[in-house]
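# Notes for the structure review
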Amino acid sequence: MSVNVVFDSVLKDTTKHLCHEYWAYASPNDYIAHLKRLCYDHNMKIDELFTTLAKCQAYLDDIHCGYCGRPYQLDVPADIPYARRLNSWFCEGCISFSGGQLIVDR
Ligand SMILES: [Zn+2]
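Read on for an overview of the structure. Predicted model only: the values in this text are computed from it and were never measured. (Residues numbered from 1 in each chain as written. Predicted model: local features only at pLDDT ≥ 70, side-chain atom pairs only at ≥ 80, totals over all residues. Heavy atoms only, no water.)

### Some thoughts on the packing of aromatic side chains
The following threshold applies: Side-chain rings of Phe, Tyr and Trp (the six-membered ring for Trp) are treated as a pair once their centres are within 6.5 Å; stacked means planes under 30 degrees apart, edge-to-face means over 60, and tilted covers the remaining angles. Only DSSP runs of H or I with at least four residues qualify as helices, and only runs of E with at least two residues qualify as strands; both kinds are numbered from the N terminus onward. Each residue gets one of three labels from its accessible area relative to the maximum for its type: buried under 20%, exposed over 50%, partly exposed in between, using a 1.4 Å probe on protein chains only.
Overall, the coordinates contain three aromatic pairs when judged by the stated rule. Seen in terms of ring centroids, tyrosine 72 and tryptophan 89 are 4.6 Å apart; in terms of plane orientation they differ by 50°. Their pairing is tilted. Here tyrosine 72 is found in strand 3 (residues 71-74), whereas its partner tryptophan 89 is found in the loop between helix 4 (79-85) and helix 5 (92-97), with 17 residues between them in sequence. With respect to burial, tyrosine 72 and tryptophan 89 carry one shared label: buried. Grouped by ring-pair contacts, the aromatic residues Tyr22, Trp23 and Tyr31 constitute a single cluster.

### So, the coordination of the zinc ion
This is how it is decided: Keep in mind that water is not among the atoms, so a site may look incomplete; donors are the N, O and S atoms within 2.8 Å of the metal, or 3.2 Å for Na, K and Ca. In this scheme the shape depends on donor count and angles: four donors with every angle between 85 and 135 degrees give tetrahedral, four or six donors with opposite pairs above 155 degrees and others between 65 and 115 give square planar or octahedral in turn, and any other case is irregular.
Note on the zinc ion: its protein donors are Cys65 (SG), Cys68 (SG), Cys91 (SG) and Cys94 (SG). The metal-donor distances range over 2.3 Å. Relative to the metal, the four donor atoms surrounding the zinc ion lie at angles of 103 to 116°, and the coordination shape comes out tetrahedral. In primary sequence terms, the donor set of the zinc ion follows C-x2-C-x22-C-x2-C. With a relative accessible area of 45%, cysteine 68 lands in the partly exposed category.

### Quick word on the sheet that holds strand 2 (residues 56-64)
Applicable threshold: Only strands that DSSP links by at least two bridges are regarded as paired with each other. Lines fitted to C-alpha atoms define the axes here, with helix axes fitted over just the stretch in contact, and angles between the N-to-C directions of these axes take values from 0 to 180 degrees.
Pairing within the open sheet is antiparallel, and its three strands lie in the order 1-2-3. Strand pairing shows two members of the sheet lacking a second neighbour, strand 1 (3-7) and strand 3, which therefore form its edges. Put simply, the sheet's adjacent strands are angled 35° from each other on average, direction ignored. Relative to strand 3, strand 2 is paired through four bridges, and the arrangement is antiparallel. Looking at strand 3, one finds that leucine 60 is bridged to tyrosine 72.

### Quick word on the pattern of salt bridges
We apply this condition: Whenever Lys or Arg places a side-chain nitrogen within 4 Å of a carboxyl oxygen from Asp or Glu, that contact is recorded as a salt bridge.
Counted according to the given criterion, the structure contains two salt bridges. A salt bridge links arginine 37 to aspartate 41; its shortest N-O distance comes to 2.9 Å. Residue arginine 37 and its partner aspartate 41 are located together in helix 2 (residues 31-42), separated by four residues, close to a single helical turn. Between aspartate 62 and arginine 84 there is a salt bridge, with its nearest N and O atoms 2.8 Å apart. With aspartate 62 in strand 2 and arginine 84 in helix 4, this residue pair connects regions lying 22 residues apart in the sequence.

Encoded structure:
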């Protein structure tokens, strides 16, 4: 599996490292413990952690929209096992463009 993390270019290396650590975790079972650990290791509060994470975006580079080819954008690590179970996926832009027809065709 490969998660592609895209950063805001002004981010420091320590911040990039934090984002990589966050996205390296794919199991939803103890997500909260994972967050607490990151806060502890990087000496930040949970709201700072989320502010930092919002500066990077993660994509699955092996799952693409079946219509436009855009990579699957992840919101939380728990999306990873979910996305892997899909046979096909269409991005929100294509679904709304097609008036929902892309979902029906799945
Ligand atoms: Zn698309």
